[in-house]
Amino acid sequence: MTKIQEIAAAVEAGKSKIIGELVQAALDEGAAPLEILNVGMIDAMSIVGDKFQKEEIFIPEMLVAARAMKKGVEVLQPHLGDAEAATVGKAVVGTVSGDLHDIGKNLVSMMIESAGFEVNDLGVDVALNQFVAAVEGDEKVNVVALSALLTTTMPAMKETVAALNASKARGRFKIMVGGAPITPEFCKEIGADAYAPDAASAAQKAKELAKA
């Protein structure tokens, strides 16, 4: 097993304690930093996401894998050089106005970051003008992910999507929505670009949207 394969196995197993040593060892052996990131970590997290969608693993396992990857990236970061080359893009993530739920949103942030995005997590109860300011103020943003966990905040999601659709920067980003009460039909109705039923799907969908 190569060092990069060992890194991938450690990410999948959520072995945060040894991942840093493995990344350093791979670097010492001359492995390319981008290969360590893309093959050793991002590809491994894609496998974790697939297993989650097939219900072979559950949220706790997905979380520990994402945390392990984060630890590995901390060691890798100084060696990546131009960070732009290592990212798929930048995602703005947040729970819409009036909604204070953050567990799903946090998991989506971690999974999108694990897919190779830089993430600007705006938090919970985010006003629509904050979302608009985040995309208009940063040309790197190419995905916006909105979360709503309450049926009572679905109108806020609709208003936020409308405001983003009216943004002068609309041509360079895609809008993704999700959360317990959200459906593909509601996504289409409010003018968002994509719906994701869970965090693993959100990461996969974000990559598709970034390439679109």
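Residues numbered from 1 in each chain as written. Predicted model: local features only at pLDDT ≥ 70, side-chain atom pairs only at ≥ 80, totals over all residues. Heavy atoms only, no water.

**Q** Account for the overall build of the protein chain, naming residues and giving values.
**A** Each helix and strand in the protein chain was counted, giving 9 helices and 5 strands. Relative to a compact globule of 212 residues, whose C-alpha radius of gyration would be 17 Å, the protein chain shows 17 Å and is just as compact. Taken along its principal axes, the extent of the C-alpha atoms in the protein chain is 50 × 35 × 25 Å. Here the protein chain, with 212 residues, has 47% of them falling under the buried criterion. In the protein chain, the share of contacts with a sequence separation of at least 24, taken over all contacts with a separation of at least 6, comes to 72%. By element, 53% of the accessible surface of the protein chain is carried by carbon and sulfur atoms, the whole surface being about 10000 Å². For the protein chain, the distance from the average site of its 20 positive side-chain charges to the average site of its 29 negative ones is 2 Å. (Helix = DSSP H or I, 4+ residues; strand = E, 2+ residues; numbered from the N terminus. Rg over C-alpha atoms; globule rule 2.2 N^0.38 Å. Buried < 20%, exposed > 50% of the residue type's maximum accessible area, 1.4 Å probe, protein only. Contact = heavy atoms within 4.5 Å. Areas by Shrake-Rupley, 256 points an atom, 1.4 Å probe, with all protein chains shown as cover. Lys, Arg positive; Asp, Glu negative; His and termini not counted. Charge placed at Lys NZ, Arg CZ, Asp CG, Glu CD.)

**Q** Can you lay out the nonpolar core for me, pointing to particular residues and giving the numbers?
**A** Counting residues in each nonpolar core, the largest one holds 47 residues, and the members touching the most others are Ile7, Ile36, Met41, Ile112 and Met176. Residue assignment for this core shows that the elements contributing at least two residues are helix H1 (3-13), helix H2 (16-28), helix H3 (33-53), helix H4 (59-76), strand E1 (89-95), helix H5 (103-114), strand E3 (141-147) and helix H9 (199-211). Here this core gets 8 residues from one element, more than from any other, and that element is H3. Residues in contact with methionine 176, not counting those within four places in the same chain, are Ile112, Val143, Val144, Ala145, Leu146, Ala194, Ala196, Ala202, Lys205, Ala206 and Leu209. Val92, Val144, Leu146 and Ile190 belong to the second largest nonpolar core, which has 26 residues in total. (Core = buried A, V, L, I, M, F, W, Y, C linked by side-chain atoms within 4.5 Å.)

**Q** Lay out the sheet that holds strand E4 (residues 174-178) in plain terms, naming residues and giving numbers.
**A** Strand order in the open sheet made by the 5 strands is E2-E1-E3-E4-E5, with parallel pairing throughout. Each edge of the open sheet is held by one strand with a lone partner, namely strand E2 (117-121) and strand E5 (194-195). Sheet analysis places E4 next to E5, joined by 2 bridges and oriented parallel. For valine 177, the partnering residue across the bridge sits in E5 and is tyrosine 195. Against the sheet, helix H6 (residues 128-136) touches E1, E2 and E3, its axis set at about 175° to E1. H9 rests against E2, E3, E4 and E5 of the sheet, and its axis sits at about 165° to E4. (Pairing = 2+ DSSP bridges. Axes fitted to C-alpha atoms, helices over the stretch in contact; angles between N-to-C directions.)

**Q** Explain the packing of H4 against H5 to me, and be specific about the residues and the numbers.
**A** In contact at an axis separation of 10 Å, H4 and H5 are set at 50° when each is read in the N-to-C sense. If you check the angle between H4 and H5, you find them oblique. For the crossing formed where H4 meets H5, the hand is left-handed. Judged by residue contacts, Ile59, Met62, Leu63, Ala66, Arg67, Met69 and Lys70 of H4 engage Leu107, Met110, Met111, Glu113 and Ser114 from H5. Considering only residue class, the contact of H4 with H5 consists of 8 nonpolar, 1 polar and 3 charged. (Parallel < 35°, antiparallel > 145°, perpendicular 65-115°, else oblique. Left-handed = near helix turned anticlockwise from the far one by under 90°. Nonpolar A, V, L, I, M, F, W, Y, C, P; charged D, E, K, R; others polar.)

**Q** How would you summarise the pairing of E1 if you had to cite specific residues and measurements?
**A** Here E1 lies mainly inside the structure; 7 of its 7 residues are buried. Residues Gly89, Ala91, Val93 and Thr95 point to one face of E1 and Lys90, Val92 and Gly94 to the other, with burial holding for every one of them. Of the strand pairs in this sheet, E1 and E2 are connected by 5 bridges, and their pairing is parallel. Within E2, the residue paired with valine 92 across the bridge is asparagine 120.

**Q** Now, about H3: what can you tell me, with residues and values included?
**A** Between its terminal C-alpha atoms H3 stretches 29 Å, which fits the 30 Å expected from 21 residues at 1.5 Å a residue. All of the buried residues along H3 are Ile36, Leu37, Gly40, Met41, Ile42, Ala44, Met45, Val48, Gly49 and Phe52. Structurally, H3 contributes buried residues whose contacts are with H1, H2, H4, H5 and H9. Just downstream of H3 lies glutamate 55, where phi reads positive at about 60°. (Expected span 1.5 Å × (residues − 1).)

This is a description of form; function is not addressed.
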